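Chain by chain, the residues run as shown.
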Amino acid sequence: MAEQIIKPDVNFINDIIAAGGESVKKCFQCATCSVVCNVTPEDNPFPRKEMLAAQWGLKDRLISNPDVWLCHQCSDCTAYCPRGAKPGEVLGAVRKLSIEHYATPSFLGKAVASPKALIGLILVPVIIFIAAIMVQGNSFFPEGEIVYAEKFMKVPYIDVIFSAAAIFALFGFFMGVTKYWKDLTKNIEKSSNPWQKKVKGPMIAMILETVFEFMTHKRFDKCDVTNDRSKTHLFVFFGFVGLAITTTWAIAYLYGHEFFHIQKTFWLNFGESPYPLYDPMKILGNFSAVLLLAGILQVITNRRKNAEKAGSGSYYDWLFISVITSIVVTGILSEVLRLAHVRMVAYPVYFIHLVSVFFLFAYAPYSKMAHMAYRTTALVFAKYTGREVK
Amino acid sequence: MAEHKKVLVIGGGFSGLTAAVETAEAGFEVIIVEKTPYFGGRVTQLNKYFPKLCPPNCGLEMNFKRVKNSGDITFYTLAEVEKISGQEGNYDVTIKLSPRFVNDKCVGCNACAEACPVEMSNDFNFGLNKTKAAYITHNQAFPFLYAIDGKNCKGSSCGKCAEACKYDAIELDMKPQTINVNVGSIVMATGWDIYDISKLDNLGGGKLANVISNMQMERLASPNGPTGGKILRPSDNKPAKNIAFVQCAGSRDENHLPYCSYICCMASMKQATYLRDQYKDSKASIFYIDLRTPGRYEQFYWKVKEDPNVSFTKGKVAGITEDPETRDLIVEVEDIMAGKKIKVKFDMVVLAAGMVPSTKTAKIPGDVSYTPDGFVAAASLKKGMYAVGTLKSPVDVARSVQDATGVAIKSIQSARR
C-alpha cells in the first residue's frame, strides 16, 4: 500500500466526545462490531474503521464518509462491544458533526447542536408569531367560539411565515446536500477502494430504489438488538407522510375555494377551517396525528428501555424527539381543547404548536431531521458505487 | 524451636500441593482440604502443560510422592471448609467431609463401575462423555481410590457395586462428617473454573455440538480423555482436522470477563501443535485481537508461526453458525488486515475461554474480601490468610508454583506466632 500521511485532528476528537461519543477512546479494534452489524457491506465493513478514524481525529475520513449514514444505529455493535466503546453512539455523534459541517449558514448548524442556543432558537418563532398577532390586531385570548385561523392567526400570515420557513429550509438542504454530494464524488477519484469507483445504472432508478427501501424500512428492519425501533420509526415516518398529505389537502380546500370557487361537494369541505370531523381530510389528519403520537411515545420508551444496551442518546437526539413530541401533543390538544371550548388554554397551546412546527421546519437542515436528506443521499451514493449489503 | 501450629491449605491443585509440601518439608504440620475426589486440580485435566509441555504427571507425581513421604501432611478429599473463625496464629476451622462410599481397601479394579447401572455426565471431561456413578476420574488419580457419586447413586437399595466388589471396599452407608481443626495460618488455593461458554450466545457455545472450550480440547487430546487422545469432534466422532481457535472468548470483554485470562493465547498455540502433531494434513486457524505471549513464551509463538498450516488472523470472531447437514461450523470475522468481513468453514471450533476464579461462585467462609470479578483482594487480606495463584489473578502453572512457594514462608511465619 502506498504511504499515507495521517493528520490527527485533536479538536475533532473532542467534538466527537462532546457530541455524545464520549466512549470513543475505549475501542481496542477487535472488530466484533463489524461482524455483528447486519447493515454493513462485507468489503471494508463499518464501524470498526470509523472507530479508528474517530480515535485519530481523521475528520475527512468521517464527515464525508457515506458509511456513517449507512449505519442505522441498530446498536447491535454497542450491545456486543467488549469494551463499552458504543460504536453506534460514536457514529451518531459523527453524523451530528457531519450535519453541522454541511450546515449553511454554518452558525445555525452550531446553534442547533448547542444547548446554550436553545432559548434563542425558540425566541425566533415566538417573536415572529407574537408580532403577527399584534399586526393583525388580534387578542391573545380571543372571545367567543374558538376559531384559530379567523380570530388568532389568519391564513395568509400562516402561509407567509411557513412558506418562508420552508423555502429557508429547502435552501439549507440544497446547499448542504450539494456540498455533501460533491465531497462524496470527489472521494471517488481519490479513493483507493475499488468499490468506490464502480458506477452502474441510471441515477433515477437508484433514487427510486432508495425511496422504496425507506418506505418499507427494509434496511432498518435488519437490526437485532433494537429491532422495535424500525417499527416505531415506521409509525413516525408514516405519521409525517399522512400529515404532509393532510396539509396539501387543506391548501387545496382553501385555495380551491378562494381562487377556483370550488364549492363544498358531498363531504369534501372546500373552504376555510375549521373543518368538520367527518371530512376525509380531517380523518386522515387525525389518524396521522395518532400514528405519530403512538410512534414518538414508543420511540421515547424504547430509548429508555434500550439505554443500557444502546446508550441513552445525546442532546441532539433528545432535542429532535422533544420537538416532534411537542408538535403532536400540542396539535392534538389544540383540536381537543377547541372542541371542548377551553378558550384560555386552547390559544396558548395552539401558539406552542405553531412555534414547534416552525422550529422543526426552519431548523430541519441543522437538526437531526436532516438525517432524511443525508441518509437518502448516502444510500443513493452506496447504490451508485455498488456498495450494497448482500 | 518455638511452639508452632498447623497450617491449613484449602485446595489440592498444583498451588495447594506446592504450598503444602514446601511448608511440611520445613517441619510444619499441614492439613490439605480438597473438594474433589482427587489431587492435582486443573493440571490433571491438561494434556500437556507449560513451560516444558510435559504431561501433567511429570510435575504432579513428584508432588504426590512428597505428600506421601512427608509424615506431616494430613489430606482430605471430598472435603470443604465450612467455617473459619479466629485470627493469625489461632484459627478454628470447620471442615465438612462428604462420603466417598469407598474405603481404603479399594484396589482400583473397576468392578464397581462395571456393575453400576447409573450413568452421569463426566465432569472431569467437561461433559464430553458419560461415566458411571461409581467411578474414578483418570488412571493416574491420587489417591487411587474409586468414588461413588452421592447425588446420582441410588444407594443401598441398588447395592450392585457392593456385590461386585471383592475387597469389601464399598460402604454405601458412609455418612458425612464434620471435623474441627485449629491452625495458625491458612493458604487459600481453590483455583479457577473455565468460563461458561454457553454465555457466549453469538459463538454458539453450549448450543452447537462442535463448538467446544479449550479445556474440552485438552481432554480430547489427552491420552486418558474421552477419545483416548484422538482429536475427534463431538457431533460424529470424525477426526477434526480443520480447527478454528477463537481467542478472547469471554475474556477482555466487559459483558463477560473484563480481564485478560493470561494463558489462553498460549493454550491455543499449544493446542494447535496437538492438532498438527496428530494429523499431517490438519490446519489450525487462530483468530485473535492481540496475541499475548507473556515473557519468554514469545519464543513458542515464533516456533508455532513457522508452521505454514497454522494461520493467525487479526479479528475477533463474533458469529458462529452451523451447517445443519454437515454440522460444520461457519465462523464470521472481520479480517482486519485485509479489511474484509469473511465467513470460513471449520470441522470444529475451540473457544479460548477464560479463567474464572473459583471464589466468583464459592466464597471462602472467612474474613476475605473480593474484587468485583470475584478474585481475592490480596492487598486487603489480613496476616494469617494467604491466597495463591489464580485466586488473585489469571496466571500459568509456573507462576502459581512460585507464588505458592513464597506463600509457604508466609504461612510458616504466621503459624509460629
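Not measured: the values here are computed from a predicted model.

Looking only at helices and strands, chain B features eight helices and 21 strands. Computed over the C-alpha atoms, the radius of gyration of chain B is 22 Å, within 12% of the 22 Å expected from 2.2 N^0.38 for a compact globule of 417 residues. Each principal axis of the C-alpha atoms in chain B carries an extent, and together these give about 70 × 55 × 35 Å. Put simply, chain B has 417 residues, and 47% of those count as buried. Within chain B, contacts between residues separated by at least 24 positions form 68% of all contacts whose residues are at least 6 apart in sequence.

Here we take up the confidence of the model for chain B. Per-residue pLDDT for chain B has a mean of 96; in total, 99% of the residues score no lower than 70. Per the prediction output, this complex has pTM 0.90; the corresponding ipTM is 0.88.

Right, let's talk about helix H7 (residues 106–113) of chain A for a bit. Residues and elements named next belong to chain A. Among the residues of H7, those classed as buried are Leu108, Gly109, Val112 and Ala113. The buried residues of H7 occupy one face: seen down the axis, they fall within an arc of 130 degrees. In H7, those exposed residues whose orientation departs by more than 90 degrees from the buried face are Ser106 and Phe107. Each element contacted by the buried residues of H7 is listed here: helix H6 (87–102), helix H8 (118–136) and helix H15 (315–339).

The next subject is the domain arrangement of chain A. Residues and elements named next belong to chain A. When its domains are assigned, chain A resolves into domain 1 (10–102) and domain 2 (106–384). If you average the C-alpha positions of domain 1 and of domain 2, the two centres end up 27 Å apart. Only helix H4 (67–70), helix H5 (76–80) and H6 provide two or more residues apiece to the side of domain 1 that touches domain 2. With ten residues, the top contributor of residues to the side of domain 1 that touches domain 2 is H6. Across the side of domain 1 that touches domain 2, the residue classes tally to ten nonpolar, ten polar and seven charged.

Take the nonpolar core next. Residues and elements named next belong to chain B. Counting 141 residues, the largest nonpolar core has Phe245, Val246, Val349, Leu351 and Ala352 as its most contacted members. Excluding anything up to four places from it in sequence, phenylalanine 245 contacts Ser268, Gln271, Ala272, Ala284, Ser285, Ile286, Phe287, Val350 and Ala352. The next biggest cluster of nonpolar side chains, apart from the first, holds 67 residues, and it includes Leu17, Tyr49, Val397 and Ala415.

So, about the environment of Lys230(B). Residues and elements named next belong to chain B. Structurally, lysine 230 is set in the loop between helix H5 (214–221) and strand E13 (242–249). Taking the number of C-beta atoms within 10 Å as the measure of exposure, lysine 230 has 15 and is therefore partly exposed. With 79 residues separating them in the primary sequence, lysine 230 and lysine 151 have C-alpha atoms 31 Å apart.

Moving on, we get to the environment of Ser273(A). Position of Ser273(A) among the secondary structure elements: in the loop between helix H12 (227–260) and helix H13 (280–305). Taking the C-alpha atoms as reference, Ser273(A) lies 44 Å from Val68(A); in sequence the two are 205 residues apart.

All names here are of chain A. H6 packs onto helix H3 (residues 48–56) with a crossing angle of 60 degrees between their chain directions and a minimal axis gap of 10 Å. Judged on the interaxial angle alone, H6 and H3 are oblique. In the packing of H3 onto H6, the handedness of the crossing is left-handed. Facing Glu50, Met51 and Ala54 of H3, the residues of H6 in contact are Pro87, Val90, Leu91 and Val94. Taken together, the residues of the contact of H3 with H6 break down into six nonpolar, no polar and one charged.

Attention shifts here to the interface of chain A and chain B. Tallying the contact residues gives 17 residues for chain A and 17 residues for chain B. Element by element, the count of residues in the side of chain A that touches chain B is highest for helix H2 (residues 32–36) of chain A, at four residues. Residue composition of the side of chain A that touches chain B, by class: eight nonpolar, five polar and four charged.

Turning next to the domain arrangement of chain B. All names here are of chain B. Along its sequence, chain B is carved into domain 1 (6–98 + 176–193 + 356–416), domain 2 (111–164) and domain 3 (196–353). A separation of 31 Å is found between the C-alpha centroids of domain 1 and domain 3. Taken together, the contacts link eleven residues of domain 1 with 14 residues of domain 3.

Adjacent strands of a sheet form backbone hydrogen bonds with each other and so pair up, either parallel or antiparallel. All names here are of chain B. Strand order in the open sheet formed by five strands is E12-E19-E13-E14-E15, with parallel pairing between adjacent strands. If you trace the sheet from one side to the other, it starts and ends with strand E12 (211–213) and strand E15 (310–314), each paired once. Each strand of the sheet is rotated relative to its neighbour by a mean of 25 degrees, with strand direction disregarded.

Moving on: H12(A). Residue and element names in this part refer to chain A. In a regular helix each residue adds 1.5 Å, so 34 residues correspond to 50 Å; H12 covers 48 Å between its end C-alpha atoms and thus fits that length. What H12 keeps buried is the set Arg229, Thr232, Val236, Gly239, Phe240, Leu243 and Tyr253. Those residues of H12 that are buried are in contact with H13 and H15.

We now examine the pairing of E15(B). Residue and element names in this part refer to chain B. One ladder, built from five bridges, connects strand E14 (residues 283–288) with E15; its direction is parallel. The partner of alanine 284 across the bridge, within E15, is valine 310. This β-α-β element, E14 to helix H7 (residues 298–305) to E15, shows right-handed connectivity.

This part covers the sheet that holds strand E16 (residues 319–322) of chain B. Residue and element names in this part refer to chain B. The strand order across the open sheet built from three strands is E16-E17-E18, with neighbouring strands paired in antiparallel fashion. Bordering the open sheet on either side are E16 and strand E18 (340–346), each of which pairs with just one other strand. Across the sheet, the mean angle separating the axes of adjacent strands is 25 degrees when strand polarity is ignored.

Time to look at the environment of Lys343(B). Residue and element names in this part refer to chain B. Residue position: lysine 343 is located in strand E18. For the pair lysine 343 and glycine 16, spaced 327 residues apart in sequence, the C-alpha separation works out to 44 Å. Among residues more than four places away in sequence, those in contact with lysine 343 are Ile330 and Glu332.

The subject of this paragraph is unusual backbone geometry. Cis geometry is adopted by the peptide bond preceding Pro47(A), which originates at Phe46(A) and carries an omega value of 5 degrees. The linkage connecting Phe50(B) with the following residue, Pro51(B), adopts the cis geometry, with an omega of 0 degrees. Along the polypeptide, Pro51(B) turns up in the loop between strand E2 (30–33) and helix H2 (57–69). Positive phi, close to 50 degrees, is recorded for Leu78(B), a residue that is not glycine.

Parameters and conventions
Residues numbered from 1 in each chain as written. Chains lettered and ligands numbered in written order. Predicted model: local features only at pLDDT ≥ 70, side-chain atom pairs only at ≥ 80, totals over all residues. Helix = DSSP H or I, 4+ residues; strand = E, 2+ residues; numbered from the N terminus. Rg over C-alpha atoms; globule rule 2.2 N^0.38 Å. Buried ≥ 20, exposed ≤ 12 C-beta atoms within 10 Å, placed from the backbone. Contact = placed C-beta atoms within 7 Å. pLDDT = per-residue confidence, 0-100. Arc of directions from axis to C-beta. Domains from an automatic or database assignment. Nonpolar A, V, L, I, M, F, W, Y, C, P; charged D, E, K, R; others polar. Core = buried A, V, L, I, M, F, W, Y, C linked by C-beta atoms within 7 Å. Axes fitted to C-alpha atoms, helices over the stretch in contact; angles between N-to-C directions. Parallel < 35°, antiparallel > 145°, perpendicular 65-115°, else oblique. Left-handed = near helix turned anticlockwise from the far one by under 90°. Pairing = 2+ DSSP bridges. Expected span 1.5 Å × (residues − 1). Right-handed = clockwise from strand over helix to strand, strands pointing away.

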